[in-house]
Amino acid sequence: MREVDLRPAREGDYAAILAFWMPMVRDTAVTFSSQEKDIAGFADYVDARRQRGREVIVADHAGKIVGFATYDQFRPGDGYACTMEHTVILAPQAHGQGLGRRLLHAVEAHAHRGGAHVMIACVSGENGAALAFHSAMGYREVGRLPDAGQKFGRWLDLVLLQKIL
């Protein structure tokens, strides 16, 4: 997928994003959340981030959205104003083609231009692919919280990874 443009998300992209993201929420332990978003909920999510100077960036392959990335402040409070947490989600057909790397670089650059100093990844301990991806992207594991979350009736570890921008 060399012909992929990265750009800010538009309203017309939201249904496509939800089509590949919500099955991950519903069916996997990649995310601890089980709350699905609809288009209105996702629009609120995007608007809230943009009001805080953040962005939601999509990977557009010939008019088809095949991934997105975003970020926001890691924790509330002014002491964390320069520490961000990101999300990178790809459609199944987009895995293994370098799009995750491109999307993560794009949100890191946007965050850094906005004054961010640190980017955090919060990854399910069951998500070996995401742990390997972040390691390859220069993130280092800085903490592991056993049994920090629960989904599908079982406890999940949360792995914290960090990169200084």
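Residues numbered from 1 in each chain as written. Predicted model: local features only at pLDDT ≥ 70, side-chain atom pairs only at ≥ 80, totals over all residues. Heavy atoms only, no water.

A look at the nonpolar core
Residues Tyr139 and Leu161 are the most contacted members of the largest nonpolar core, which totals 25 residues. When residues of this core are assigned to their parent elements, the largest contribution, 6 residues, is made by helix α3 (residues 99–113). Contacts of tyrosine 139, omitting those with residues within four sequence positions, involve His86, Leu104, Glu108, Met119, Ala121, His134, Leu161, Gln162 and Lys163. Residues Leu18, Met24, Tyr45 and Ile65 belong to the second largest nonpolar core, which totals 19 residues. (Core = buried A, V, L, I, M, F, W, Y, C linked by side-chain atoms within 4.5 Å. Buried < 20%, exposed > 50% of the residue type's maximum accessible area, 1.4 Å probe, protein only. Helix = DSSP H or I, 4+ residues; strand = E, 2+ residues; numbered from the N terminus. Contact = heavy atoms within 4.5 Å.)

What about the sheet that holds strand β4 (residues 83–90)?
Taken in spatial order, the 7 strands line up as β1-β2-β3-β4-β5-β7-β6 in an open sheet, and their pairing is mixed. On the outer flanks of this sheet lie β1 (4–8) and β6 (140–151), each paired with one strand and no other. Within this sheet the neighbouring strands show an average axis-to-axis angle of 25°, counted without direction. Relative to strand β7 (residues 154–164), strand β5 (residues 118–124) is paired through 7 bridges, and the arrangement is antiparallel. (Pairing = 2+ DSSP bridges. Axes fitted to C-alpha atoms, helices over the stretch in contact; angles between N-to-C directions.)

Details of the layout of surface pockets
Here the largest pocket is characterised by a volume of approximately 1,100 Å³. At the level of elements, α1 (14–27), α2 (39–51), β3 (64–73), β4, α3, β5 and α4 (128–136) are the ones that each hand at least two residues to the lining of the largest pocket. Broken down by element, the lining of the largest pocket gets its largest block of residues, 6 residues, from β4. Considered class by class, the residues forming the lining of the largest pocket number 18 nonpolar, 14 polar and 5 charged. (1 Å grid on protein atoms, 1.4 Å probe; cavity = no way out; pocket = protein on both sides within 12 Å on 5 of 7 lines; lining within 4 Å. Points joined across faces, edges and corners; volume = space filled by probe spheres on them. Nonpolar A, V, L, I, M, F, W, Y, C, P; charged D, E, K, R; others polar.)

Focus: the pairing of β3
In terms of burial, β3 is largely enclosed, as 8 of its 10 residues are buried. Of the pairings in the sheet, the one linking strand β2 (residues 56–61) to β3 comprises 6 bridges and is antiparallel in character. When the bridges of β3 are listed, valine 58 appears paired with phenylalanine 68. Between β2 and β3, which pair antiparallel in sequence order, lie 2 residues; one of them, alanine 62, sits at a positive phi of approximately 55°. As judged from the 7 bridges shared by β3 and β4, these two strands associate in the antiparallel manner. Bridge pairing in β4 places aspartate 72 opposite glutamate 85.

So, the pattern of salt bridges
Throughout the structure, instances matching the rule amount to 10 salt bridges. Its salt-bridge partner being aspartate 27, residue arginine 26 comes within 3.8 Å of it at the nearest N-O pair. Here arginine 26 ties to glutamate 36 by a salt bridge, and the two come within 2.7 Å at their closest N and O atoms. Of this pair, arginine 26 sits in helix α1 while glutamate 36 sits in the loop between α1 and α2, and the two are 10 residues apart along the sequence. Classification of glutamate 36 as partly exposed rests on a relative accessible area of 45%. The structure contains a network of salt bridges with shared partners spanning Arg7, Asp13 and Asp60. (Salt bridge = Lys/Arg side-chain N within 4 Å of Asp/Glu carboxyl O.)

Honestly, that's just the spatial picture; any functional story needs more than this.
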